[in-house]
Amino acid sequence: MRRIIGYIYYYKNEGERLCKQGNMGFCRVELDNEKSKVTLCLKDGCGVEGSVHIYSLEEIINSCPQKTYKKTLLDKCYTACAGILNIKLIIDNCDGIYVECGGRNYVALWKDNCEYIAIVQSKPDIDKDKTEEEIPKKESVKIKCKPDMGGKEYIEKDIRRREENQKQKVDNFPDFTRTYNRLCKIRMILEGVEYPVVKLKPHELMFLPRSCWRMANNIFLMESYYRYGHILFMYYDNRYVLAVPWRKDKNIADQAGRFGFTKSLMGYEYGRERDEKQYWLKYL
């Protein structure tokens, strides 16, 4: 086994190439025959937050005028908080890794630390074991038409599959989604289902759109916070909601409803001692 320390640099976009800037951390790499164990420690003083996409890099030989690397996206997606990301990866042997977060690019190379590099997207390979019949290039459909002079009742027409015909999800709450994606999350089990949830404090309601700022004056929400120390922000039932824990009480539903909390769920935080509470939800 071979061990390498590779440094992570911030690279700035300059047209079709990337230009190396400052050092942003390091990678500890253990190279084996087929797999590499990578410990990634990134710390950016700009404090970027949100989803992190990580790619493996493979050098394209005889590229010019600068070195060019082919990037391949790893399956998992991670989240950076205040510019800090500490994770461990097991990936196929490669020449480095490429990290994207908050519109910034970070590169760590095992062999070289070039001043200028170019990154290109790798193309998905077709499974060589599949026969031509198994590869869905075309589909044949029959269209009914009037009989022609030749007495044919049907004609066949080849059409290509069109992915754009599939229904795509439309984000109806872009402001909430932007905030939700950039904040760190915990795992909550609500009614037996796991949800990624953001824990907030009252002053952090300012992260949400302006329409939510008045929630800092909501008596039901604030009383819950002073009892249990947190407010939950999450995506549930195709909507963004605020959720607060509350003591079990037969008459609490009327009180919660007066302050906009119309639904309740039983749940607890994953990975901690199971202390199930009743959470009341307010749709935003």
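Residues numbered from 1 in each chain as written. Predicted model: local features only at pLDDT ≥ 70, side-chain atom pairs only at ≥ 80, totals over all residues. Heavy atoms only, no water.

Caption draft 1: Structural view of empty space enclosed by the protein. Tallying each qualifying case throughout the model produces 1 cavity of 30 Å³ or more. In this structure, the largest cavity spans a volume of roughly 40 Å³. Lining the largest cavity are E59, Y69, D95, L109, W110, K111 and D112. Its residues placed into classes, the lining of the largest cavity shows 3 nonpolar, no polar and 4 charged. (1 Å grid on protein atoms, 1.4 Å probe; cavity = no way out; pocket = protein on both sides within 12 Å on 5 of 7 lines; lining within 4 Å. Points joined across faces, edges and corners; volume = space filled by probe spheres on them. Nonpolar A, V, L, I, M, F, W, Y, C, P; charged D, E, K, R; others polar.)

Caption draft 2: Just the packing of aromatic side chains, in detail. Applying the stated criterion to the full structure yields 13 aromatic pairs. The interplanar angle of 50° and the centroid separation of 5.7 Å between the aromatic rings of Y55 and Y98 together place this pair among those described as tilted. Of this pair, Y55 sits in strand β4 (residues 50–60) while Y98 sits in strand β8 (residues 96–101), and the two are 43 residues apart along the sequence. What makes Y55 buried here is its relative accessible area of 8%. Ring plane angle 25° and centroid distance 5.7 Å describe the contact between F233 and Y240, whose orientation is recorded as stacked. For the pair F233 and Y240, one class covers both residues: buried. Taken together through their ring pairs, the aromatic side chains of F176, Y180, F233, Y235 and Y240 make up a single cluster. The ring of Y116 carries the charged tip of R17 above its face, separated from the ring centre by 3.7 Å. (Phe/Tyr/Trp six-rings, centres within 6.5 Å; stacked < 30°, edge-to-face > 60°. Helix = DSSP H or I, 4+ residues; strand = E, 2+ residues; numbered from the N terminus. Buried < 20%, exposed > 50% of the residue type's maximum accessible area, 1.4 Å probe, protein only. Lys NZ or Arg CZ within 6 Å of the ring centre and 35° of its normal.)

Caption draft 3: Focus on the side chain of T179. Structurally, the position occupied by T179 is in helix α1 (residues 174–182). In terms of polar contacts, T179 uses its side chain to reach the backbone carbonyl oxygen of D175, at 3.2 Å. Apart from residues lying up to four places away in sequence, T179 is in contact with F207 and L208. (Polar contact = N/O pair within 3.5 Å; in protein donor to acceptor, adjacent residues only side chain to side chain. Contact = heavy atoms within 4.5 Å.)

Caption draft 4: The arrangement of the pattern of salt bridges in detail. Enumeration according to the criterion identifies 11 salt bridges in this entry. As a salt-bridge pair, E30 and R3 come within 3.8 Å of each other at their nearest N and O atoms. Highlighted residues: E30 in strand β2 (residues 17–31) and R3 in strand β1 (residues 2–14), separated in sequence by 27 residues. A relative accessible area of 22% places E30 in the partly exposed class. (Salt bridge = Lys/Arg side-chain N within 4 Å of Asp/Glu carboxyl O.)

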